[in-house]
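Structural overview for review
Chain by chain, the residues run as shown.
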Amino acid sequence: MPAVPTLPAGPGVGFKPEHFDALAADADAPLAFLEIHAENYMGAGGRPHAQLAALRSRFALSVHGVGLSIGGEAPLDAAHLGRLRTLLDRYAPESFSEHLAWSTHSGEFFNDLLPLPYTARTLARVADHVAQVQDTLGRRMLLENPSTYVRFAESTLAEVDFLHAIVARTGCGLLLDVNNVFVSAVNHGTDPRAYLAEFPLEAVGEIHLGGHDADADETGAPVLIDAHGSAVADPVWTLFAEVIARTGPLPSLIEWDNDVPDWPVLRAQAARAGAVLAAPAHSRAA
Amino acid sequence: MAGLAAFAAALHAEDGAPPPGLAGPAVRRFAIYRNNVAVGLIGALETRFPAVRALVGADFFGALARDFIRAHPPASPVLAQFGDALPGFLADFPPAADLPYLADIAAVEAARTRAYHAADTPRLAASAFAALPPDALGDLRLALHPAVALIRSVHPIADIMAAATGAAAGVEDWTPQALLVDRPGFDVVTRPIACGTATFLAALGAGHPLGAAAAAADDLDLPAALADLVGGALAIGFLPPGAAVL
């Protein structure tokens, strides 16, 4: 893989078009980078690209795909890979990332990040897909750990072992979504700290933080939903600080995709992430 | 059926039952995925077709959207394109037979999204036309800007759109109308245009020479149509002479 620039180890936010004017007027925004969803910038022109070009000249950029279906059974969509290549060539972002999930089956796009069993067979397939993405795009990608609501009886590998193996086989990096770690741990009755203790932190190129909703299943057990429609929850901030205490500062992004708040609210979340990143190492995980 | 195929099939199943092969209590947990898929796709259609939704009401639109998604599930993760098939679907949708103009309204809204994302191609200035020899005009072929779309209807779609978006009270005369969709800057505009002009411009956009395009349009006010074409900067370039390439 050719060397590519990496994101700066500061706070970022997922860019929302409704924040464009406020962001333009906020010369001191506490942001080291912005992230966009790749699929929202696959048109030919118009305002989306005009805004992105203006922002690109000011901020480091992460392009985050939500539709490649890397965990899917079918071969990757060559047309979609081509669109990604065009987008990455156009903006030369510091990072490209996608999900350990699937969204397309038999040619139908399901518009959600769906879970997959963790087996030797799915491991081989995901590794092939990640390698194909990196070969086609000519760069290293980051793969994001998912939030999941169900587990498959056929799974034989722990998710964290699955991710270790993908990194070892493909040389890809990881996007550690700390909210996803917490959501999945609550949903499956496991310990998020045990997961993070085993997570290959040396491969992490970016962190995601986002809000979740709380529900319950038919047995009354809590189910958290990765809704991205609220502030980052306190337990997630705590886990984030614990991770940063181990790794040092990393590019750390606030995701707020639904019920998008006014800019000052999102700005404050980014500033809080920035404060964790800037804190002396011994005081982070208080 | 196993693995992801069973999961995908269960996302479609009417009864909402989770697929086989999930560990532990899965009914409400699997329903989260079903709900995410449905809410996301219906929401994409609601965003793209607000006038259709206003005309039929939120509940009817939700049912219509579910039927459409079953018949035309998205094939691409680029959801800006999702709904391109809705006008054709509504043209043969018996529950909305009382609203025969609905497909044309959907066509206008579908064109608006395409215009929003269209390429930023430079437009022909009026001076480019002034330099043409007058006897060359009849054979002139033009490429229209990719944001430009013309929607002609046997229904008063301009008045219906205005009523649906709250810009006008209702329809006065039930006569054919046409709308021009374009994006002069970054904002999409939709404006009424004479039916003859719309037919003329659509023929030009399909590659017909100007003379043939004018002949194709009944009730054409040619000076007014040329004013729309040139003054509206709807063209981006001249095409080589020849027959229409359709």
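The model shown is predicted, which means the values in this text are computed figures rather than measured ones.

A closer look at the overall build of chain B
Tallying secondary structure elements over chain B gives 11 helices and 6 strands in all. Seen through its C-alpha atoms, chain B measures out along the principal axes to roughly 80 × 40 × 30 Å. Long-range pairs, those at least 24 residues apart, make up 61% of the contacts in chain B with a sequence separation of at least 6.

Things to note about the overall build of chain A
The number of helices and strands found in chain A is 10 helices and 13 strands. Taken over the C-alpha trace, chain A has a radius of gyration of 18 Å; the compact-globule value for 286 residues is 19 Å, and the two agree within 12%. Seen through its principal axes, chain A has C-alpha atoms that stretch 50 × 45 × 35 Å. Looking at chain A alone, contacts between residues at least 24 apart form 78% of all its contacts between residues at least 6 apart.

Here's the deal with the UniProt feature "domain: Putative DNA-binding" (unreviewed entry) in chain B
The UniProt feature table records "domain: Putative DNA-binding" (unreviewed entry) at residues 6-90 of chain B. For residues 6-90 of chain B, the end-to-end C-alpha separation is 31 Å, with 65% helix and 2% strand making up the annotated structure.

Looking at the domain arrangement of chain B
Considered domain by domain, chain B is made up of domain 1 (1-99) and domain 2 (120-246). On a C-alpha basis, the centroid separation for the pair domain 1 of chain B and domain 2 of chain B is 35 Å.

So, the interface of chain A and chain B
The interface of chain A with chain B comprises 36 residues on the first partner and 37 residues on the second. Of all elements in the fold, only α2 (47-56), β5 (102-105), β6 (108-114), β8 (151-152) and β12 (222-225) of chain A reach the threshold of two or more residues within the side of chain A that touches chain B. By residue number, the principal contributor to the side of chain A that touches chain B is β6(A), which donates 6 residues. When the residues that make up the side of chain A that touches chain B are grouped by side-chain class, the tally is 15 nonpolar, 12 polar and 9 charged. With 2 bridges joining them, β8(A) and strand β1 (residues 22-23) of chain B adopt antiparallel strand pairing. Across the sheet, F152(A) pairs through a bridge with L22(B), a residue of β1(B).

Let's talk about unusual backbone geometry
Unusually for a residue other than glycine, A92(A) sits at a positive phi of about 45°. For A92(A), the position within the fold is in the loop between α3 (78-91) and β4 (95-99).

A few points about the nonpolar core
In a soluble, globular protein the nonpolar side chains are often hidden away together inside. Within the largest apolar cluster, 147 residues are counted, with the highest numbers of intra-cluster contacts made by V178(A), I105(B), A106(B) and L179(B). Element by element, the count of residues in this core is highest for helix α6 (residues 102-117) of chain B, at 10 residues. Each of domain 1 (1-99) and domain 2 (120-246) of chain B accounts for three or more of the residues forming this core.

Parameters and conventions
Residues numbered from 1 in each chain as written. Chains lettered and ligands numbered in written order. Predicted model: local features only at pLDDT ≥ 70, side-chain atom pairs only at ≥ 80, totals over all residues. Helix = DSSP H or I, 4+ residues; strand = E, 2+ residues; numbered from the N terminus. Contact = placed C-beta atoms within 7 Å. Rg over C-alpha atoms; globule rule 2.2 N^0.38 Å. UniProt positions renumbered as here; feature names shortened; annotations may be inferred. Domains from an automatic or database assignment. Nonpolar A, V, L, I, M, F, W, Y, C, P; charged D, E, K, R; others polar. Pairing = 2+ DSSP bridges. Core = buried A, V, L, I, M, F, W, Y, C linked by C-beta atoms within 7 Å. Buried ≥ 20, exposed ≤ 12 C-beta atoms within 10 Å, placed from the backbone.

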